[in-house]
Amino acid sequence: MLFNYHTHCHYCDGKGEPEEFVKEAIGQCFHSFGFSSHAPIPIENNFAVKEQDLPQYVSDIQALEQKYPHLPLSYGLECDYIPKVSFAFDYFLQKYHIQYVIGGVHLVAYQGQLWFIDGPKKEIYDQGLQQIFHNDIRLAVKTYFYQLFEMIEKEHFGILAHFDKIKMHNQNRYFTEDEAWYKDYIYQTIELVQQKGLVVEINTRGIYKKRYPDFYPSAGIIKILYQHHVPVTISMDAHAPEEISMGFEQAMNCIREAGYKEVVGVIQGKQQIIGI
Ligand SMILES: [Zn+2]
Ligand SMILES: [Zn+2]
């Protein structure tokens, strides 16, 4: 049984028409499917959907719902949280009737500068770490997690995106995931997630893009999430139709091994428990 609610099509930095994703999902007998373009942010960028395109984005997917009634579709956004910069997530939910939000941090704000921790280039991560944080990795990681905590505290959203993505370009160079100070941030995140009743996504993109040999969050953290009764979903973070189920089976095995018997799906915009 396949599902994926974290996907990017041509409206943002993904490739392909929404219909190509839907056809691929139907071909693979998906249970349900969702679109989550990068939400507009009021800074120069080449990865987010343009605000003026949002009505068309929504109506494209609504038309596909009519055309393919047997596959439950949802239209959401992956919203970036940048303190004092990004739009409130509610803005999209209310103004454009977006059905669900995946909240995440890709750009870490510090003293008026932004550190881009995602994308394919390790050099950008290293450069930002040096120029913005003078290679103080603890300060950089702290700033990332504090921004994540602030998002969880302030914004309305249902699914937390790739919450330990800060490790991706680190590749065990500046810190390891075993260090106590780092693990503290992971535990603090889990505590906050529990308080807010958020769903944590298990994101497979690092594995199939060969950027990191584990999920976001890592398998060890998935066990802790299970012990803390945190609900999860599996996300491929697909940027092309052929990526919609990559790494799904591995992630499913991993969450079953951790103890999970169910996941959270998004069916026509509403969260729903799916037995696994
Ligand atoms: Zn993301
Ligand atoms: Zn994404």
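Everything in this summary refers to the structure shown in the same document. (Residues numbered from 1 in each chain as written. Chains lettered and ligands numbered in written order. Predicted model: local features only at pLDDT ≥ 70, side-chain atom pairs only at ≥ 80, totals over all residues.)

Describing the environment of Phe175
Mapped onto the elements, Phe175 comes out in the loop between β7 (159-160) and α6 (180-196). Of the residues examined, Phe175 has 16 C-beta atoms within 10 Å and is grouped as partly exposed. Distance in space between the C-alpha atoms of Phe175 and Cys254 is 24 Å, their sequence separation being 79 residues. Excluding anything up to four places from it in sequence, Phe175 contacts Ile137, Val141, Asn170 and Tyr182. (Helix = DSSP H or I, 4+ residues; strand = E, 2+ residues; numbered from the N terminus. Buried ≥ 20, exposed ≤ 12 C-beta atoms within 10 Å, placed from the backbone. Contact = placed C-beta atoms within 7 Å.)

Let's talk about the pairing of strand β10 (residues 262-267)
Judged from the six bridges that link them, β10 and strand β11 (residues 270-275) form a sheet pairing that is antiparallel. The residue bridging Gly265 from the neighbouring strand is Gln272, located in β11. (Pairing = 2+ DSSP bridges.)

A few points about helix α8 (residues 219-227)
Residues Ile221, Ile222 and Leu225 constitute the buried set of α8. For α8, the arc enclosing every buried residue in end-on projection is 105°, short of the 170-degree limit, so these residues lie on one face. In the core, the buried residues of α8 are packed alongside α6, β8 (199-203), β9 (232-235) and α9 (248-258). At the exit of α8 stands His229, carrying a positive phi of roughly 55°. (Arc of directions from axis to C-beta.)

Here's the deal with the nonpolar core
The nonpolar side chains of soluble globular proteins are, as a tendency, buried together. Core analysis: the biggest nonpolar cluster contains 76 residues, and Cys79, Val101, Tyr144, Val200 and Val232 have the highest contact counts within it. At six residues, helix α5 (residues 137-154) tops the list of elements feeding residues into this core. Among all residues touching Tyr144, those that are not within four sequence positions of it are Val105, Val108, Ile117 and Ile166. (Core = buried A, V, L, I, M, F, W, Y, C linked by C-beta atoms within 7 Å.)

Description of the packing of α8 against α9
Remark: α8 packs on α9, axes separated minimally by 9 Å, with the N-to-C direction vectors making an angle of 45°. On the basis of the axis angle, α8 is oblique to α9. For α8 against α9, the interelement crossing comes out right-handed. Contacts between α8 and α9 pair Ala219, Ile222, Lys223 and Tyr226 from the former with Cys254, Ile255 and Ala258 from the latter. (Axes fitted to C-alpha atoms, helices over the stretch in contact; angles between N-to-C directions. Parallel < 35°, antiparallel > 145°, perpendicular 65-115°, else oblique. Left-handed = near helix turned anticlockwise from the far one by under 90°.)

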